[in-house]
Amino acid sequence: MLKIVPDPPLLPTESPFCLEDALVYASEHLTCALAVTQQAVSLHPDLHGQALVRAAVHEMENARSRVEQALACVQMQ
């Protein structure tokens, strides 16, 4: 059976949880959330529902962009 929603990332348990790990973890969760909401838009043609989901997608894309920028800054140090 084909999975529509990807599995969430696993929390690293062997290493100490540092800022870089937290940013990667948050970025992976935002990627999964984006996949879910984009699928919801395509499955539900209701215009009111689509507007709400598209707003959520927009906010998640912005949050993911900020997390990626922060991760790049941490990796440069």
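The coordinates are above.
From a predicted model like this one, the values you see are computed outputs, not experimental measurements.

## Let's talk about the overall build of the chain
Part 1 of the reasoning: Across its full length, the chain holds 2 helices and 0 strands.
Part 2 of the reasoning: In the chain, which comprises 77 residues, the proportion classed as buried is 17%.
Part 3 of the reasoning: In the chain, the share of contacts with a sequence separation of at least 24, taken over all contacts with a separation of at least 6, comes to 58%.
Part 4 of the reasoning: For the chain, the computed accessible surface area is about 5,900 Å², with 63% contributed by carbon and sulfur atoms.

## Focus: helix 1 (residues 19–43)
Because each turn of an α-helix spans 3.6 residues, side chains separated by three or four positions in sequence point in the same direction.
Part 1 of the reasoning: Compared with an ideal rise of 1.5 Å per residue, which puts 25 residues at 36 Å, helix 1 spans 36 Å between its outermost C-alpha atoms and is within 8% of the ideal.
Part 2 of the reasoning: All of the buried residues along helix 1 are Leu23, Ser27, Leu30, Cys32, Leu34, Thr37 and Val41.
Part 3 of the reasoning: Those residues of helix 1 that are buried lie in contact with helix 2 (47–76).

## Some remarks on helix 2
Part 1 of the reasoning: Counted at 1.5 Å a residue, the expected span for helix 2 with its 30 residues is 44 Å, and the 43 Å between its end C-alpha atoms agrees.
Part 2 of the reasoning: Regarding helix 2, the residues found buried are Gln50, Val57, Met60, Val67 and Leu71.
Part 3 of the reasoning: Contacts made by the buried residues of helix 2 are with helix 1.

## Re a nonpolar patch on the surface
Part 1 of the reasoning: The grouping of Ile4, Val5 and Val36 at the surface amounts to a nonpolar patch, some 240 Å² of accessible area in total.
Part 2 of the reasoning: Relative to the helices and strands, Val5 resides in the segment before helix 1.
Part 3 of the reasoning: Relative accessible area serves as the criterion here: at 39%, Val5 is assigned to the partly exposed category.

## Examining the nonpolar core
Part 1 of the reasoning: With 7 residues, the main nonpolar core is built from Leu23, Leu30, Leu34, Val57, Met60, Val67 and Leu71.
Part 2 of the reasoning: When residues of this core are traced back to their parent elements, those giving at least two are helix 1 and helix 2.
Part 3 of the reasoning: Among the elements that line this core, the one with the most residues is helix 2, at 4 residues.
Part 4 of the reasoning: Those residues within four positions of Val57 in sequence are excluded, and the remaining contacts are Leu34, Thr37 and Gln38.

## Considering the side chain of Ser27
Part 1 of the reasoning: Relative to the assigned elements, Ser27 resides in helix 1.
Part 2 of the reasoning: Ser27 gets classed as buried once you look at its relative accessible area, which sits at 7%.
Part 3 of the reasoning: What Ser27 contacts, discounting residues up to four positions off in sequence, is Arg64, Val67 and Glu68.

Parameters at a glance
- Residues numbered from 1 in each chain as written.
- Predicted model: local features only at pLDDT ≥ 70, side-chain atom pairs only at ≥ 80, totals over all residues.
- Heavy atoms only, no water.
- Helix = DSSP H or I, 4+ residues; strand = E, 2+ residues; numbered from the N terminus.
- Buried < 20%, exposed > 50% of the residue type's maximum accessible area, 1.4 Å probe, protein only.
- Contact = heavy atoms within 4.5 Å.
- Areas by Shrake-Rupley, 256 points an atom, 1.4 Å probe, with all protein chains shown as cover.
- Expected span 1.5 Å × (residues − 1).
- Patch = residues over 30% accessible without salt bridge, like charges linked within 9 Å, V, L, I, M, F, W, Y side chains within 5 Å.
- Salt bridge = Lys/Arg side-chain N within 4 Å of Asp/Glu carboxyl O.
- Core = buried A, V, L, I, M, F, W, Y, C linked by side-chain atoms within 4.5 Å.

So far we have only geometry, and geometry alone does not tell us how the molecule works.
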